[in-house]
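If you want the building blocks of each chain, they are given just below.
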Amino acid sequence: MGTMTEQHASDKLPDARGHFGPYGGRFVSETLMHPLEELEAAYRRYRNDPDFLAELNEDLTHFVGRPSPLYLAERWSRETGGARIWLKREDLNHTGAHKVNNTVGQILLARRMGKTRIIAETGAGQHGVATATVAARQGLECVVYMGASDIQRQSPNVFRMRLLGAEVVAVESGSRTLKDALNEAMRDWVANVDDTFYVIGTVAGPAPYPEMVRDFQCVIGHEARRQIQERAGCLPDALVACVGGGSNAIGLFHPFLEDEAVAMYGVEAAGDGIETGRHSAPLGAGRPGILHGNRTYLMEDDDGQIIETHSISAGLDYPGVGPEHAWLRDAGRATYVGVTDEQAITAFHHLCRTEGIIPALESAHALAYAQQLAATMRPDQNIIVNLSGRGDKDIQTIAEREGITL
Amino acid sequence: MSRISIRMQELRDGGRSALVPYIMAGDPDVDQTVALMHAMVEAGVDMIELGVPFSDPMADGPVIQKAAERALAGGMNLRRVLGIVQQFRREDARTPVVLMGYLNPVERMGYEAFAEAAAGAGVDGVLTVDLPPEEADTFTRLLRTAGMDPIFLLSPTTTETRMRAVCEAASGFVYYVSLKGVTGAASLDMDDVARRVAAIRAVTDLPVGVGFGISDAPTAARMAAVADAVVVGSALVRRMEEHAGDPVQMRDAVTALLAQMRQAMDSSEGRNGPEATPAGAPGG
């Protein structure tokens, strides 16, 4: 199976300094500059190293369970009406989401660099679980930073991480959510750069993270591109994926960037509705600024302070977004839309009942938009939705919202 | 010459090192910040670093994070910080003021608008922690044009190649972060700091300030023996937090520590003057 060995012309971005047009870059304190240069050098070396790639592919095949199926959701498509909708089943990966594609890659790199300690931030806990999982398998110490308020709403994932031997540190500063966990992980890294590797979970952060995480996630799009051609005999008409930081979306989109006829839709969390201000849609309603080491679209106030976001899905509850998405938005190559909590929940239930698949609430945002889109298309057209994770982690949230005590 | 360069030259001529306190603007409010700035000057400081609060202070430890949260809760923003400097300048035209903060509030205001407003308010230097020289060309040029010094950090992880690039982008002084960690961390290795400062002096004539982890008078004195400026932040901010709600006690706690540091720095043997041993020799 091919992963990072498949190169496309669109790999020309970012530039040598990690810029995607005006976005990206490396905006960190001086102490982290050299460690990032070292990380970049190691990544450049190993991304083309046959032994590294062989070990990565071995792990993706036998530990993660790749390739993930591309499943034609026939009944759901029929009830929706319009185009045929295919689901890229990242929910079937080990640990139940796309996050593990990246943690396998980064932790292999960490081992090559001689690092003995792994740290990560997590929001919903999916990236934390994926990191703790791979760290356990590789016998590395693992510390996961998680906002105190996320710890409360995602307690099963906290317990999972602890079962896997990770230390979960509750972050009490700021809004006590994902952005604060990222701040705290950065602070840990500054103090422990010699032996510690920071596994960032999305395509944000300072260069080289947006590029490196993208490359590790591109296995999604490379597989999907091959699978749809085998199954449908053509390229898809549209791709749809949810966007928090944007790693599952970029993983699906990137291998199709040169296929001009393939439309791409990134779905942000519109929360209670963009007009209420209670949402997590920086591309739809934010402005460019600097946060967490890169320039990108942010949710901020008039003074440049980062503001609190809202989404029913903890994994989309982030005030920034990967810089490559900012670039694709401005370039017009991808379109970014919003889906509310309510719309996502409707799509969540619909998929459960028509296909026997419980999707993650994050992925349910993509499903909801795919339905809107399909209805405007012909039955001979094809949409691929990235089903980025499974929804077992969300049943408590759904139950609570519907007044059910489990 | 900028107000910073003039002050650093005066100190160098006098064989003394600068004592530079850091406090968070607007913690607890505008009037107390201005009053505290004047009180610190009376206590013998040579330059003031004024923190600009940001919602996501990635390079700061818990003490300064909480100060930023208090300031933001009180309605502080970048424009009001400039207002504080302007108010301070009405009575003090000599003490240099350096703003220290993060890039996003400056981005929001716009680089040009900020440079103009900051210079107009009487700001002398700007240190944006998350803006390395690689990304700073435009900003640095605008600051210089407006007569202000761009201050940059050097750290224990900075390579010699980077050190040269950073010193080329900087003016006024360079700021050596004396440990791997966030503000307010413990465990300084004094010999290591001395070696690193010597290495910095080998590539630049700019004055070298040292900060992070300096919390008491003996440490300040030992730092003064190797550095041109000693920055103390979290130790002061922690005292302010302890005496929150009592402006007089707060002021006394802050100025008492600074006066101790001043005295220890000035009476310390082997301090960093024109006749001192080659720069970087460990002293104190």
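Residues numbered from 1 in each chain as written. Chains lettered and ligands numbered in written order. Predicted model: local features only at pLDDT ≥ 70, side-chain atom pairs only at ≥ 80, totals over all residues. Heavy atoms only, no water.

## Overview of the overall build of chain A
Working step 1: When you go through chain A residue by residue, the secondary structure sums to 16 helices and 14 strands.
Working step 2: Scaling as 2.2 N^0.38, a compact globule of 406 residues should have a C-alpha radius of gyration of about 22 Å, and chain A matches this with 19 Å.
Working step 3: Considered along the principal axes of its C-alpha atoms, chain A spans approximately 55 × 50 × 40 Å.
Working step 4: By the burial criterion, 66% of the 406 residues in chain A qualify as buried.
Working step 5: Taking as baseline every contact in chain A between residues at least 6 positions apart, the subset at least 24 positions apart corresponds to 74%.
Working step 6: Carbon and sulfur atoms form 48% of the exposed surface of chain A, whose accessible area is close to 13400 Å².
Working step 7: Put simply, chain A has 38 plus and 54 minus side-chain charges, and the middle of one group is 3 Å from the middle of the other. (Helix = DSSP H or I, 4+ residues; strand = E, 2+ residues; numbered from the N terminus. Rg over C-alpha atoms; globule rule 2.2 N^0.38 Å. Buried < 20%, exposed > 50% of the residue type's maximum accessible area, 1.4 Å probe, protein only. Contact = heavy atoms within 4.5 Å. Areas by Shrake-Rupley, 256 points an atom, 1.4 Å probe, with all protein chains shown as cover. Lys, Arg positive; Asp, Glu negative; His and termini not counted. Charge placed at Lys NZ, Arg CZ, Asp CG, Glu CD.)

## Quick look at the environment of T122 of chain A
Residues and elements named next belong to chain A.
Working step 1: The topology assignment puts T122 in strand β5 (residues 117-122).
Working step 2: Overall, T122 belongs to the buried group, its relative accessible area being 2%.
Working step 3: When the C-alpha atoms of T122 and R89 are compared, they prove to be 22 Å apart, with 33 residues separating the residues in sequence.
Working step 4: Discounting residues that sit within four places of it in the chain, T122 has contacts with H127, G128, V144, Y145, M146, G147, D150, M161, L178 and A181.
Working step 5: A polar side-chain atom of T122 sits 3.1 Å from the main-chain amide nitrogen of G125. (Polar contact = N/O pair within 3.5 Å; in protein donor to acceptor, adjacent residues only side chain to side chain.)

## Re the environment of P35 of chain A
Working step 1: Considering the arrangement of structural elements, one finds P35 of chain A in helix α1 (residues 30-46).
Working step 2: By relative accessible area, P35 of chain A is classed as buried at 9%.
Working step 3: Residues P35 of chain A and W189 of chain A, spaced 154 residues apart in sequence, show a C-alpha to C-alpha distance of 9.5 Å.
Working step 4: If we ignore the near neighbours within four places in the chain, the residues touching P35 of chain A are W189 and V193 of chain A together with T157 of chain B.

## Some thoughts on the sheet that holds strand β2 (residues 48-51) of chain B
Across a sheet, paired strands are connected by hydrogen bonds in the backbone, their directions being either parallel or antiparallel.
All names here are of chain B.
Working step 1: One open sheet accounts for nine strands, arranged β5-β4-β3-β2-β1-β9-β8-β7-β6; its pairing is parallel. Both edges of this open sheet fall to β5 (149-150) and β6 (152-154), since each of them pairs with a single strand only.
Working step 2: Note: β6 against strand β7 (residues 174-177), three bridges, orientation parallel. In the sheet register, F152 faces β7, and the bridge partner there is V174.
Working step 3: Strand contacts of helix α11 (residues 234-242): β1 (18-24) and β9 (229-232), with the helix running at about 45 degrees to β1, the strand carrying the most contacts. (Pairing = 2+ DSSP bridges. Axes fitted to C-alpha atoms, helices over the stretch in contact; angles between N-to-C directions.)

## Here's the deal with helix α4 (residues 99-112) of chain A
Residues and elements named next belong to chain A.
Working step 1: With 14 residues, α4 should cover 20 Å at 1.5 Å per step; its first-to-last C-alpha distance of 21 Å lies within 8% of that length.
Working step 2: The set of residues buried in α4 consists of K99, V100, N101, N102, T103, V104, G105, Q106, I107, L108, L109 and A110.
Working step 3: Immediately beyond the C-terminal end of α4, within one or two residues, lies G114, with a positive phi of roughly 80 degrees. (Expected span 1.5 Å × (residues − 1).)

## Things to note about the interface of chain A and chain B
Working step 1: Contacts between chain A and chain B engage 39 residues on the former and 36 residues on the latter.
Working step 2: Looking at the side of chain A facing chain B, the largest losses of area belong to E30, R187 and Q305 of chain A, adding up to 23% of the total buried there.
Working step 3: Between the two partners, chain A and chain B, sit six salt bridges.
Working step 4: The residue D194 of chain A makes a salt bridge to K180 of chain B at a minimum N-O spacing of 2.8 Å.
Working step 5: Here chain A and chain B share 22 residue pairs in polar contact (both at pLDDT 80 or more) between them.
Working step 6: When residues of the side of chain A that touches chain B are traced back to their parent elements, those giving at least two are α1, α8 (178-191), β11 (287-291) and β12 (294-298) of chain A.
Working step 7: Ranked by residue count, the leading element in the side of chain A that touches chain B is α8 of chain A, at eight residues. (Buried area = accessible area lost by both parts, 1.4 Å probe. Salt bridge = Lys/Arg side-chain N within 4 Å of Asp/Glu carboxyl O.)

## Concerning the packing of helix α6 (residues 111-121) of chain B against helix α7 (residues 137-145) of chain B
Residues and elements named next belong to chain B.
Working step 1: One can describe the packing of α6 onto α7 by two numbers: an axis separation of 9 Å at closest approach and a directional angle of 30 degrees. With respect to each other, α6 and α7 are oriented roughly parallel. In the packing of α6 onto α7, the handedness of the crossing is right-handed. Residue-level contacts link Y111, E112, F114 and A115 of α6 to T138, F139, L142 and L143 of α7.
Working step 2: In terms of residue class, the contact of α6 with α7 is made up of six nonpolar, one polar and one charged. (Parallel < 35°, antiparallel > 145°, perpendicular 65-115°, else oblique. Left-handed = near helix turned anticlockwise from the far one by under 90°. Nonpolar A, V, L, I, M, F, W, Y, C, P; charged D, E, K, R; others polar.)

## Quick notes on the packing of aromatic side chains
Residues and elements named next belong to chain A.
Working step 1: A full pass over the atoms with the stated rule returns 11 aromatic pairs over all chains.
Working step 2: Taking 6.2 Å as the distance between ring centres and 55 degrees as the angle between the ring planes, the aromatic pair formed by Y198 and Y209 counts as tilted. Linking Y198 in strand β8 (residues 196-199) with Y209 in helix α9 (residues 209-217), this pair joins segments that are 11 residues apart in sequence.
Working step 3: Three or more aromatic residues link up through ring pairs in this structure, and these residues are W189, Y198 and Y209.
Working step 4: Its guanidinium or amino end placed over the ring of F63, R137 lies 4.7 Å from that ring's centre, counting from NZ or CZ. (Phe/Tyr/Trp six-rings, centres within 6.5 Å; stacked < 30°, edge-to-face > 60°. Lys NZ or Arg CZ within 6 Å of the ring centre and 35° of its normal.)

## Regarding a nonpolar patch on the surface
Residues and elements named next belong to chain A.
Working step 1: Judged by side-chain polarity, I358, I395, I404 and L406 come together as a nonpolar surface patch covering roughly 380 Å² of accessible area.
Working step 2: On the secondary structure map, I358 appears in the loop between α14 (341-355) and α15 (361-374).
Working step 3: A relative accessible area of 39% places I358 in the partly exposed class. (Patch = residues over 30% accessible without salt bridge, like charges linked within 9 Å, V, L, I, M, F, W, Y side chains within 5 Å.)

## As for the sheet that holds strand β4 (residues 84-89) of chain A
Residues and elements named next belong to chain A.
Working step 1: Here six strands make up an open sheet; going across it, the order is β3-β4-β14-β9-β10-β13 and the pairing mixed. On the outer flanks of this sheet lie β3 (70-72) and β13 (335-340), each paired with one strand and no other. Averaged over all adjacent pairs, the angle separating strand axes in this sheet is 30 degrees, with direction ignored.
Working step 2: Pairing analysis gives six bridges linking β4 to strand β14 (residues 382-387), with the strands arranged parallel. Along β14, the bridge assignment pairs R84 with N382.
Working step 3: Those strands touched by helix α10 (residues 219-232) are β3, β4 and β14, and its axis lies near 140 degrees from that of β4.
Working step 4: On the sheet, α15 packs against β4, β9 (238-242), β10 (263-271), β13 and β14 and is oriented at approximately 150 degrees with respect to β9.

## Brief notes about the pattern of salt bridges
Working step 1: With the rule as written, the count across this model stands at 52 salt bridges over all chains.
Working step 2: The closest approach of N and O atoms between E37 of chain A and R162 of chain B, which form a salt bridge, is 3.3 Å. Residue E37 of chain A is located in helix α1, and its partner R162 of chain B is located in helix α8 (residues 160-169); the two belong to separate chains.
Working step 3: You can call R162 of chain B buried: its relative accessible area is 5%.
Working step 4: One continuous salt-bridge network, built from bridges that share partners, spans R26, E40, R44, R47, E211, R214, D215 and E324 of chain A.

## Describing the environment of E402 of chain A
All names here are of chain A.
Working step 1: Along the chain, E402 turns up in the segment after α16 (395-401).
Working step 2: With relative accessibility at 40%, the residue E402 sits in the partly exposed group.
Working step 3: C-alpha separation for the pair E402 and R47, spaced 355 residues apart in sequence, amounts to 47 Å.
Working step 4: With near-sequence residues (within four places) excluded, E402 lies in contact with I345 and H349.

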